[in-house]
Amino acid sequence: MSNDLHAVSIEFAEVMKGWVSAEATTFEDGYEHGRKANHALALDVTVRIDDLDAFLHSPEHAGTLSGHVDCALLGGVCPVQLGTFRLLPNTADRDRKVMYYQVYCTTPQGEAFTFVGEKQVQHDSLLDLWHDTTTLYVNVFRGHVDPAKPALADLWVTGIIGLTMADFMQVLRGLRVVDANGSTSIKGLFAFGAFFAGKLWDVYAPHLAPSPDQPLRRYAKFTTEGVTGAEISEHPLSTADGLGLSLTRFRRSDCDDVVLIIHGLTNSTDMFIMPEHRNLVQHLLDEGFGDVWSLDWRGSNRFPYNLARNTYNFDDVALFDHPAAMLELRRHIGTRRRVHVIAHCVGSITFAMSVFARTVQGITSMVLNSVSLTPYVPAWSEIKLRFGPWVSDHVLGIEYFNPSWRRQPTWSVGKMIAHAADIVHGECRSPECHMLSFMWGSGRPAVFNHANLAEETHERLGDLFGGTSVHYYRHVFRMVKSGHTAVKFEPGHPRYAALPDNYLENAADIRTPILFMQGQDNHVFADSNIRCHERLEKLAPGRHKLHVFAGYGHQDPFMGKDAAIDIFPHIISFLREHAHA
């Protein structure tokens, strides 16, 4: 038996089966639609590692794949032309690894495609090891594309396939670890087993809490250094219910098509002017949209009144904030120039509410990211929405939630909550990131994919996200429980008499075209914008568009380091389509 692991090779075969769809755009929907329509997909491959020593010492831990993909939606049996397998390489998450399958194929009809599948190995629930190591999330893209850039590829089918216990036992029975002489290598078998067990221990073992030390700021808080070549001016305004808001203008040149950008809850204008990479405002200016505005509405982390208990809801924003902002905007640009709106998260929900309630009119086009008028949330998030506000108000006595609690110099209820969030979130060393997942979503992390964030962004999450009252959660929950529909929080309240009880009741009559944007890995508002597009498509076929970005989540379509390459060109294309209209 050779002691040289360079001469040891490993080979095993896997057959994974499941369901996919050409209509769906998320893994779960693809699986369900495919199961109902009987659209099966099977991946029948042999994994080969020719040099075990090189495999163990390479960060990619890569092998080759051969075999075929069998799927009627893809034309039948499609032989693998070139295939890559990676076994548990490190990812941007400290406690997450993947089993990665990527093959280039051509259908019997001659159409090329790229199959990309990942087993997501991350300890995010009890007893999830079996599910994680046997469940493959599948995207099939048209053409032979760069799988490292899924957001730029054309998605063909998506779904979920996996191994049964019988399939897994077949894999073990077929495992071959042999030396240069073709004999079984016991040393190689133990080395491979130790590698596999060690990688799983990295994921499923407990992690120490991160340090509470504040990273040294690389960029000043509220800096505008990320935008160059523009005159920057601040325009404060007041709402009819007595709050101060602010518009920021980035003006390079006169332009008939003005763009207004609106942040999400606890964000601010800062998410659109980040200096660590090309940001949305700079991109718009450089692409010829010379007059860009950003609204800091009442949910902005720039306003101290968010660090106190309040009873504001989304109706307040739709009725008071957005109409006041549009009046101030029009005061400066006049009534004839076209206004296009790009909005995110709760900013997207509330601005859509304003347009569909007609408290804001004259909008030429809208780009709405993550969620709008049909909120859907993961199951765990729904539990938090249901019980979180009551527990916060009546048990803990907390006036607001703040992602920066862990950095506080003294003890408080908030700091204890932040410590608890650290215990259940081991995916990174940022306590702010852990709190954001606790506050907003259902994932590790929930708000974005770590791989999409620059290191500088991850370090300054406490500057980019702030505190907020939990009363807003109640309105999200009311919408979720009202058929996933944007509805008034207090029907019959005279304060909101100008608003409809159901914001979709006149949806067919709203002619403003919308681009619905959605990250495929959205763990905050799930597939909300996909569902909204489906509903509006039935009312006004062809009026609106949908684009789902593979590899992106909730926040990273705007804050990701590569958003200017992957996301912004789609926004620019949509704006140009409706400019000069």
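Residues numbered from 1 in each chain as written. Predicted model: local features only at pLDDT ≥ 70, side-chain atom pairs only at ≥ 80, totals over all residues. Heavy atoms only, no water.

A. A look at helix α15 (residues 528–539). A rise of 1.5 Å per residue sets the reference length of α15, with its twelve residues, at 16 Å; its end C-alpha atoms lie 17 Å apart and thus fit the reference within 8%. In the core, the buried residues of α15 are packed alongside α8 (345–357), β15 (363–369), β16 (514–519) and β17 (545–549). (Helix = DSSP H or I, 4+ residues; strand = E, 2+ residues; numbered from the N terminus. Expected span 1.5 Å × (residues − 1). Contact = heavy atoms within 4.5 Å.)

B. A look at the sheet that holds strand β12 (residues 257–262). One open sheet holds the eight strands; their spatial order is β10-β11-β13-β12-β14-β15-β16-β17, and the pairing between them is mixed. The open sheet has two edge strands, β10 (231–238) and β17, and neither has a second partner. Taking each pair of neighbouring strands and ignoring which way they run, the sheet shows an average axis angle of 20 degrees. Here β10 runs beside strand β11 (residues 244–251); their pairing, made up of eight bridges, is antiparallel. If you follow S233 over to β11, its bridge partner there is R249. Sheet contacts for α15: β15, β16 and β17; angle to β16, the most-contacted strand, approximately 150 degrees. (Pairing = 2+ DSSP bridges. Axes fitted to C-alpha atoms, helices over the stretch in contact; angles between N-to-C directions.)

C. Region of the structure containing the environment of V487. Within the secondary structure, V487 is located in the loop between α14 (471–481) and β16. Remark: the alpha-carbon pair of V487 and F303, spanning 184 residues in sequence, is separated by 26 Å. Those residues in contact with V487 that lie beyond four places of it in its chain are D315, H475, R478, M479, S482, D501, N502 and Y503.

D. Summary view of unusual backbone geometry. Going from R444 to P445, the amide bond is cis rather than trans, its omega being -5 degrees. Looking at the secondary structure, you find P445 in the loop between α11 (431–440) and α12 (455–459). Even without being a glycine, F222 presents a positive backbone phi close to 65 degrees. Structurally, the position occupied by F222 is in the loop between α5 (186–204) and β10. A positive phi angle, close to 80 degrees, is found at S370, a residue other than glycine. Take S370: it is sitting in the loop between β15 and α9 (379–396). Relative accessible area serves as the criterion here: at 1%, S370 is assigned to the buried category. (Buried < 20%, exposed > 50% of the residue type's maximum accessible area, 1.4 Å probe, protein only.)

E. Quick look at the packing of helix α10 (residues 413–424) against α11. In contact at an axis separation of 9 Å, α10 and α11 are set at 90 degrees when each is read in the N-to-C sense. Our classification of the angle between α10 and α11 gives roughly perpendicular. Here I417, A418, A421 and D422 of α10 lie close against α11, whose contacting residues are P431, H434, M435 and F438. (Parallel < 35°, antiparallel > 145°, perpendicular 65-115°, else oblique.)

The values are spatial; any link to function lies outside them.
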